[in-house]
Amino acid sequence: MSDPEPRSTTDADLIEPYGGRLVDRVIDSDAAERLLADAAAAPEVVLRPRLASDLYLLAVGALSPLEGFMDEEMYESVLEEMALPSGLPWSIPVVLSVRDGEADGVEPGAMVALRSHEGEVLAALEVTDVFRRDMERERLAVYGTADRAHPGVAALEGLGDVCIAGPIHYLGPTYAVEGVAAEEILTPAQTRARFSKLGWKSAVAFQTRNPIHRAHEYLQKCALEIVDGLLVHPVVGVLLSALPLSMRYAGPMEAVFHAIIRRNYGCTHMIVGRDHAGVGDYYGTYDAQLVFDRIDQEVLGIQPLKFEHAFWCDVTGQMATEKTSPAEIQQRLFLSGTRLREMLSRGERPPAEFTRPEVAEILLRAYARS
């Protein structure tokens, strides 16, 4: 994208990171060399992809104020109070868990080397606590169900329940996401710098896991009426930056989690539409909006922008909601990211009411290559 002429704003004009400070656990090259030598003799944990993405987000401050994986006190506080021990709202535990036998001999005060599946040392962790997570309680607290058909609950299957906690020291390998250029994965420090350069004092985040269609465009345009800029932040993944965060499909709990992360990236607002981060019929259509009513908005610090289900209105010939459309139900085209993906995977061109023709062309080419 081309940047407009910069205005006189500084980082001080941006929203404060969650907890008051942007965490940075990436160490410099000299320290990394020493740490690699120490890691060679340390016990090691091989990280699954979800843990590797959590590790990266911890390192670059996306999960500020966390400086590493949660200890038992934090874990219990999140499950019981939906908050950190400090009182800051927090909805999803961020823990490093292993199976029995994989943490033998690991005690507080030790160092553990965290490796990728390819064997690369990603980070070192200073152990402060070793404890067991309560899977059944966690399923109900985070996902609202213990049903193994739920993808978030299913993802916990096979994970160990022994947790290793402590601050991390990240060695700084560039995080890679298949199909996403490295320069499109911006850190919170980088998005904040861009916001300052662009003169944005307020910005709204748009969370998506689907190709953007007209309903998304409608929400974005509405939001841009009240803020300076838009961060399109697809979970994989206007300013575009991919977010290397594994989806939990935790509905309302994940909506809060996403809001906290976007505040760390410098956003003051986040769009929360229909069934945010939901799956199946586990959550009500607007549960992810209602959860914010349970949280002190001044403490959370990022404003959810709550939108009703948008659709294409045949009467007005544009996007609308229940509040603005005079059309009968049969004159409304409800858009679905799932339906859009299905059409693209079959090589079908979505109708113009669904997505703009020029966008459809790009998406069709991308799906043809995949």
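Residues numbered from 1 in each chain as written. Predicted model: local features only at pLDDT ≥ 70, side-chain atom pairs only at ≥ 80, totals over all residues. Heavy atoms only, no water.

J.: What am I meant to see in the pairing of strand 11 (residues 269-272) here?
T.: Two faces make up the sheet, and in a regular strand the side chains alternate between them. Of the two faces of strand 11, the one holding His269 and Ile271 and the one holding Met270 and Val272 are both buried throughout. Relative to strand 11, strand 8 (residues 203-208) is paired through 2 bridges, and the arrangement is parallel. Across the sheet, residue Val204 finds its bridge partner in strand 11, namely His269. (Buried < 20%, exposed > 50% of the residue type's maximum accessible area, 1.4 Å probe, protein only. Helix = DSSP H or I, 4+ residues; strand = E, 2+ residues; numbered from the N terminus. Pairing = 2+ DSSP bridges.)

J.: Could you clarify how one ought to interpret the sheet that holds strand 13 (residues 311-313) in this entry?
T.: Within a sheet, neighbouring strands are paired by backbone hydrogen bonds and run either parallel or antiparallel to one another. Pairing in this open sheet of 3 strands is antiparallel, and the strands run 14-13-15 from one edge to the other. Where the open sheet ends on each side, the last strands, each with one partner, are strand 14 (318-320) and strand 15 (332-334). Neighbouring strand axes in the sheet, compared pairwise and without regard to direction, differ in orientation by 35° on average. Two strands pair when backbone bridges link them, and strand 13 and strand 15 are joined in this way by 3 bridges, in the antiparallel orientation. Of the residues in strand 15, the one forming a bridge with Trp312 is Leu333. (Axes fitted to C-alpha atoms, helices over the stretch in contact; angles between N-to-C directions.)

J.: Could you clarify how one ought to interpret the pattern of salt bridges in this entry?
T.: The full count for this structure, using the stated rule, is 22 salt bridges. With its nearest N and O atoms 2.6 Å apart, the salt bridge here joins Glu76 to Arg137. Note that Glu76 is positioned in helix 3 (residues 72-81) and Arg137 in helix 4 (residues 135-143), a separation of 61 residues in sequence. For Glu76, a relative accessible area of 26% corresponds to the partly exposed category. Of the charged contacts, one joins Arg137 and Glu80 as a salt bridge, the two residues approaching to 3.1 Å between their closest N and O atoms. Note that Arg137 is positioned in helix 4 and Glu80 in helix 3, a separation of 57 residues in sequence. When its relative accessible area of 52% is taken as the criterion, Glu80 is described as exposed. Salt bridges sharing common partners tie together Glu76, Glu80, Asp134 and Arg137. (Salt bridge = Lys/Arg side-chain N within 4 Å of Asp/Glu carboxyl O.)

J.: Help me understand unusual backbone geometry, please; the structure alone is not making it clear to me.
T.: Note on backbone geometry: most residues besides glycine have negative phi, and most peptide bonds are trans. Along the chain, Ser64 connects to Pro65 via a cis peptide bond; the corresponding omega equals 15°. When you line up the elements, Pro65 lands in the loop between helix 2 (49-60) and strand 2 (68-69). At Tyr249, a residue that is not glycine, the phi angle is positive and equals roughly 60°. Positive phi is not limited to glycine here, since Asp275 has a value of about 55°. Along the chain, the position of Asp275 falls in the loop between strand 11 and helix 9 (287-290). With relative accessibility at 22%, the residue Asp275 sits in the partly exposed group.

J.: Can you walk me through the confidence of the model for the protein chain in this structure?
T.: Detailed reading of the predicted coordinates is not advisable wherever pLDDT is low. Per-residue confidence for the protein chain gives a mean pLDDT of 88, with 94% of residues at or over 70. The low-confidence segment residues 1-8 (pLDDT under 50) makes 14 contacts with residues lying over four places distant or belonging to another chain. (pLDDT = per-residue confidence, 0-100. Contact = heavy atoms within 4.5 Å.)

J.: Just checking my understanding: could you explain the nonpolar core for this structure?
T.: Looking at soluble globular proteins, one finds that nonpolar side chains tend to be buried together. Among the nonpolar cores identified, the biggest contains 81 residues, and Phe69, Trp90 and Leu114 are the most heavily contacted of them. The leading source of residues in this core is helix 2, at 8 residues. In this structure Trp90 touches Tyr18, Leu63, Ser64, Pro65, Leu66, Met70, Val78, Met82, Ala83, Leu84, Phe257 and Ile260, once residues within four positions along its chain are discounted. Within the second largest apolar cluster, 21 residues are counted, among which are Val204, Ala223, Leu305 and Leu335. (Core = buried A, V, L, I, M, F, W, Y, C linked by side-chain atoms within 4.5 Å.)

J.: Honestly, the packing of aromatic side chains in this entry has me stumped. Any pointers?
T.: Here the distance between the centres and the angle between the planes together describe a pair of aromatic rings. On inspection of all chains with the given rule, the structure shows 6 aromatic pairs. Seen from their ring centres, Tyr56 and Tyr170 are 6.2 Å apart, and the 70° between their planes marks the pair as edge-to-face. One end of the pair, Tyr56, is in helix 2; the other, Tyr170, is in strand 7 (residues 162-170), and 114 residues separate them in sequence. Residue Tyr170 is classed as buried on the basis of its relative accessible area, which comes to 4%. Centroid distance Phe311 to Phe334: 5.1 Å. Interplanar angle 55°. Geometry classified as tilted. Here Phe311, found in strand 13, pairs with Phe334, found in strand 15; they are 23 residues apart in sequence, far enough to count as distant. Residue Phe311 is classed as buried on the basis of its relative accessible area of 1%. Phe334 sits in the partly exposed class, given a relative accessible area of 31%. (Phe/Tyr/Trp six-rings, centres within 6.5 Å; stacked < 30°, edge-to-face > 60°.)

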